[in-house]
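Residue-level structural notes
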Amino acid sequence: MSAVRVAIAQCAPALGAVKRNVEMHRTWITRARDAGATLVVFPELSLTGYYVKDLAADLACSPDDPVLAPLAEASRDLDVSAGFIERSPDAKLRIAQGYWSRGKLVHVHRKVYLPTYGIFDDGRYFGPGDRFDTFPSAGGTAGVAICEDLWHVSTPYLYAIAGAAVVFCPSASPGRGVAEGGDLGTAESCRLMDRFYAQYLTVYVVYANRVGHEDGIAFWGGSEIVAPDGTVVARAPEFDEHLLIGEIDLELVARERARNPLLRDERDDLVLRNVAARLGLPLEHRD
Amino acid sequence: MTSALVRTGVIRPDPHDASPLRIDEVLVRKMLVLFIGDETVKAGLKRAVVGVSGGVDSAVTVALACEALGPQNVLGLFTPYRTSSEESRRHALELARKLGFALEEVPITAQVDAYFARRQDVHRVRLGNKMARERKSIEYDRSWPDGIVLGTSNKTELLLGYGTQFGDMACGINPVGDLYKTQLREVATHLGIPEEIVRKPPTAELWEGQTDEGELGFTYAAADLVLYHMVDRRLRPAELVEHGFDEKLVVRIRELVRRNHYKRVMPLIAKLSLRTVGHDFLYPRDWEAD
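These numbers come from a predicted model, not from an experiment.

Counting its regular elements, chain B contains 12 helices and four strands. Projected onto its principal axes, the C-alpha positions of chain B cover 55 × 55 × 50 Å. Counting over 290 residues, chain B shows a buried share of 48%. Of the contacts formed within chain B by residues at least 6 apart in sequence, a portion of 74% connects residues at least 24 apart. As presented, chain B carries roughly 15,100 Å² of accessible surface, and 55% of it is formed by carbon and sulfur atoms. A distance of 3 Å separates the average location of the 40 positive side-chain charges in chain B from that of its 41 negative side-chain charges.

Written as structure tokens, this is what we have:
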């Protein structure tokens, strides 16, 4: 069986209330398990809320903090990907997405691209992550792109050339753009990204967005799973809480890559040489 | 379902093309109903209080509130001064009947006149400001203990500063503050607000014969288009003039936006200590208890 049942918890975290959010996570994890999922993905900062401002320091914890223990515990039944504020040993605060499996935290991605413009102020309160590492997930080799990370083309690209079959994108995307004749502006952009990356990098994109309001800003939901052939496997409604279930089929990844071998033919060595030359970095030449 | 083709083509700043202001009313309605419901609960409250003037801004606000919280949790306050028109009363009553919320009439003539009785040469702007603040103090009083005061200032008024600070501009939350007047009328029609209310000339009724457009010296239609390109699409005033917008209008609007910005922000606090409210003590308002 190559197909894996994945759940997205399109929830509305309480802003600044970690204990309540941990309880909320347990409820959704139970629901996902009952729906037969082997993995449940929560949105960005699902354990703290998004617009935390000065609360960031109060809510931050190390990945082995007892407050996160219930997530590790719950991951004995199914894998859990959830968002928290990580305080590093040298007291830096980062937006993090943990991946718990079989009772243990097995991977943490720290948001690299911190939007600090318009309605966003991430860079004021957080430091950036500096790695895009793939890891083995229940849905195959995976990479995590937290919200703005995905808006940078290089992020899913780096994951795809490193062998990822799936890109998880936990988000806290505020809905805006209500012009006539289209979808919600943000929804249009996100769906375009999800489908483009999925189809042209031949990966699954698992986009987990939250709902609810924080200080007048509405998070629009619309979570979705898009397959490497561009098919929308499943899509949640906009603005409402929803447990979305869909399948990731690694056989489909293989079939799609056979049909459409863009990744096989990708010249990452050329990309590297090009970038290295532009940055003036020495690059060892091997024949 | 509107065709995606409507959006094809470049949005050009054109004083004769109001189409960029068009919005998806179904989506806006959904977002605003959820906003009122969610933010009322987050404030720990369950009712809404709306000053219902008989005009279109408060009509849209009270209709959205009824949809979000149920009409039984919405209190409308009609607060006439002696210069207020009978038509306004009729429209307020019509809305209450149609939407099913409780409407109370609380006249403000006695207290406003008593305050100004022994004062000479009171400028009508002072009278208008006093009335606006009197009304708001009543809305806040009637919001106790579990109600939130809803704001009814639209985006055009907020940007132009066409309102009384701590008067009609005061509120707990404002569902219509990101809708230009033109857009708000679109939403009103979608919500089934009677056409007579949607189309009548906007007035604060602060004195007899006052209309917003007469006082401002330009129409909402013209102002909205200038503001849309200037604010939403970030065009500079000079660019708007190059595209055929009236220079006097553009300059006047730009100056109103600048001059009245103080009304849109919290009062300034003198920075002294290591951490100061409003400067570097920055917490979300929707900060929830664990």
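Turning next to the sheet that holds strand β3 (residues 102-105) of chain B. All names here are of chain B. With respect to topology, four strands assemble into an open sheet ordered β3-β2-β1-β4, the strand pairing being parallel. Either end of the sheet is taken by a strand with one partner, and the two such strands are β3 and β4 (147-149). The average angle at which neighbouring strand axes cross in this sheet is 25°, direction not considered. Judged from the three bridges that link them, strand β1 (residues 47-51) and β4 form a sheet pairing that is parallel. Paired with alanine 48 across the strands is isoleucine 148, a residue of β4. Those strands touched by helix α2 (residues 56-69) are β1 and β2 (74-78), and its axis lies near 170° from that of β1.

Turning next to the interface of chain A and chain B. Facing 34 residues of chain A, the contacting portion of chain B comprises 29 residues. Both sides of the chain A and chain B interface together cover about 2,600 Å² of buried area, and 52% of this is carbon and sulfur. Viewed at the interface, chain B and chain A are joined by four salt bridges. Aspartate 54 of chain A is the partner of arginine 275 of chain B in a salt bridge, and the nearest nitrogen-oxygen pair spans 2.5 Å. Those elements that place two or more of their residues in the side of chain A that touches chain B are α1 (18-34), α4 (122-125), β10 (211-214) and β11 (217-220) of chain A. When the residues that make up the side of chain A that touches chain B are grouped by side-chain class, the tally is 14 nonpolar, eight polar and 12 charged.

All names here are of chain A. The six strands lie next to each other as β6-β7-β8-β9-β12-β13, forming an open sheet whose pairing is mixed. Lying at the two open borders of the sheet, with one neighbouring strand each, are β6 (135-137) and β13 (232-235). The average undirected angle you get between the axes of adjacent strands in this sheet is 25°. Alignment of strand β8 (residues 166-171) against strand β9 (residues 204-209), held across six bridges, turns out to be parallel. Looking at the pairing, proline 170 lines up with alanine 208 of β9.

The next subject is the nonpolar core. Residues and elements named next belong to chain A. Membership of the largest hydrophobic core comes to 72 residues, with the highest contact counts inside it found for Val40, Phe42, Ile85, Phe126, Phe168 and Val206. For this core, the leading source of residues is α1, giving six residues. Apart from residues no more than four positions distant in its own chain, phenylalanine 168 is found in contact with Leu39, Val41, Tyr99, Phe135, Ser137, Ala142, Gly143, Val144, Ala145 and Val206.

On to a nonpolar patch on the surface, then. Together, Val271, Val275, Leu279 and Leu281 of chain A give the surface a local cluster of nonpolar side chains, amounting to about 320 Å² of exposed area. Locating valine 271 of chain A in the fold gives a position in helix α9 (residues 268-279).

All names here are of chain B. Orientation of helix α10 (residues 220-232) relative to helix α12 (residues 247-259), taken along the N-to-C sense of each, is 70°, at an axis distance of 10 Å. Overall, the two elements α10 and α12 adopt an arrangement that is roughly perpendicular. The chirality of how α10 crosses α12 is right-handed. Touching Ala222, Ala223, Val226, Leu227 and Met230 of α10 are Leu249, Val250, Ile253, Arg254 and Val257, all from α12. Tallied by class, residues from the contact of α10 with α12 come to nine nonpolar, no polar and one charged.

For the peptide bond that leads from tryptophan 144 of chain B to proline 145 of chain B, omega is 5°, which places it in the cis range. Take proline 145 of chain B: it is sitting in the loop between α5 (124-143) and β4. Even without being glycine, aspartate 215 of chain A reaches a positive phi, approximately 45°. Among the secondary structure elements, aspartate 215 of chain A is positioned in the loop between β10 and β11. Phi is positive for arginine 234 of chain B, which is not a glycine, with a value near 60°. Mapping arginine 234 of chain B onto the fold places it in the loop between α10 and α11 (237-242). Take arginine 234 of chain B: its relative accessible area is 69%, and that puts it in the exposed class.

The description of two aromatic rings rests on the distance between their centres and on the angle between their planes. In this structure the tally under the stated criterion is 15 aromatic pairs over all chains. A centroid spacing of 4.5 Å and a plane angle of 15° characterise the contact between tyrosine 283 of chain B and tryptophan 287 of chain B, whose relative ring orientation is stacked. For tyrosine 283 of chain B, a relative accessible area of 18% gives the class buried. By relative accessible area, which is 45% here, tryptophan 287 of chain B ends up partly exposed. An aromatic cluster is present here, built from Tyr50, Tyr51 and Phe219 of chain A joined pairwise through their rings. Note that arginine 119 of chain B overlies the ring of tyrosine 115 of chain B, its terminal NZ or CZ placed 4.1 Å from the centroid. Above the ring of tyrosine 220 of chain B, the side-chain terminus of lysine 181 of chain B is found at 5.3 Å from the ring centroid.

Rules behind the numbers
- Sequence order as written defines the numbering, with residues in each chain counted from 1.
- Lettering for chains starts from A, numbering for ligands starts from 1, and both go in the order in which the items are written.
- Residues qualify for local features only when their pLDDT is at least 70, as the model is predicted, and side-chain atom pairs are given and counted only at 80 or more; totals for whole chains, interfaces and linings, by contrast, use all residues.
- Side-chain metrics in this entry use all non-hydrogen atoms of the structure; hydrogen atoms and water are not considered.
- Helix and strand labels come from DSSP, where a helix needs a run of H or I of at least four residues and a strand needs a run of E of at least two; each type is numbered from the N terminus.
- A 1.4 Å probe rolled over the protein chains alone gives each residue an accessible area, and that area as a share of the maximum for its type sets the label: buried under 20%, exposed over 50%, partly exposed in between.
- Contacts: residue pairs with any heavy atoms within 4.5 Å of one another.
- Computed by Shrake-Rupley with a 1.4 Å probe, the accessible areas treat only the displayed protein chains as cover when residues are assessed.
- In this tally Asp and Glu are treated as negative and Lys and Arg as positive; neither His nor the chain ends contributes.
- A single reference atom marks each charge: NZ on Lys, CZ on Arg, CG on Asp, CD on Glu.
- Two strands are counted as paired when DSSP detects at least two bridges linking them.
- Note on geometry: axes are C-alpha line fits, over the in-contact stretch for helices, and angles between N-to-C directions span 0 to 180 degrees.
- Buried area: the accessible area, evaluated with a 1.4 Å probe, that two parts lose upon being put together, summed over both parts.
- Each salt bridge in this description consists of a side-chain nitrogen of Lys or Arg and a carboxyl oxygen of Asp or Glu lying within 4 Å of one another.
- Only Asp, Glu, Lys and Arg are considered charged, only Ala, Val, Leu, Ile, Met, Phe, Trp, Tyr, Cys and Pro nonpolar, and every remaining residue, Gly among them, polar.
- Nine residue types can take part in a nonpolar core, namely buried Ala, Val, Leu, Ile, Met, Phe, Trp, Tyr and Cys, and a core is a set of them joined through side-chain atoms within 4.5 Å.
- Only residues whose relative accessible area exceeds 30% and that form no salt bridge are eligible for patches; like-charged ones are grouped when within 9 Å, while nonpolar side chains (Val, Leu, Ile, Met, Phe, Trp, Tyr) are grouped when within 5 Å.
- Should an angle lie under 35 degrees it is considered roughly parallel, over 145 roughly antiparallel, and from 65 to 115 roughly perpendicular; all remaining angles are considered oblique.
- Each helix crossing is assigned a hand: it is left-handed if the near helix lies turned anticlockwise from the far helix by less than a right angle, otherwise right-handed if that turn is clockwise.
- Each Phe, Tyr or Trp ring (for Trp, its six-membered ring) is paired with any other whose centre lies within 6.5 Å, and the angle between the two planes then decides the class: stacked below 30 degrees, edge-to-face above 60, tilted in between.
- Note on criteria: charge over ring means Lys NZ or Arg CZ within 6 Å of the ring centre, with the direction from the centre no more than 35 degrees off the ring normal.

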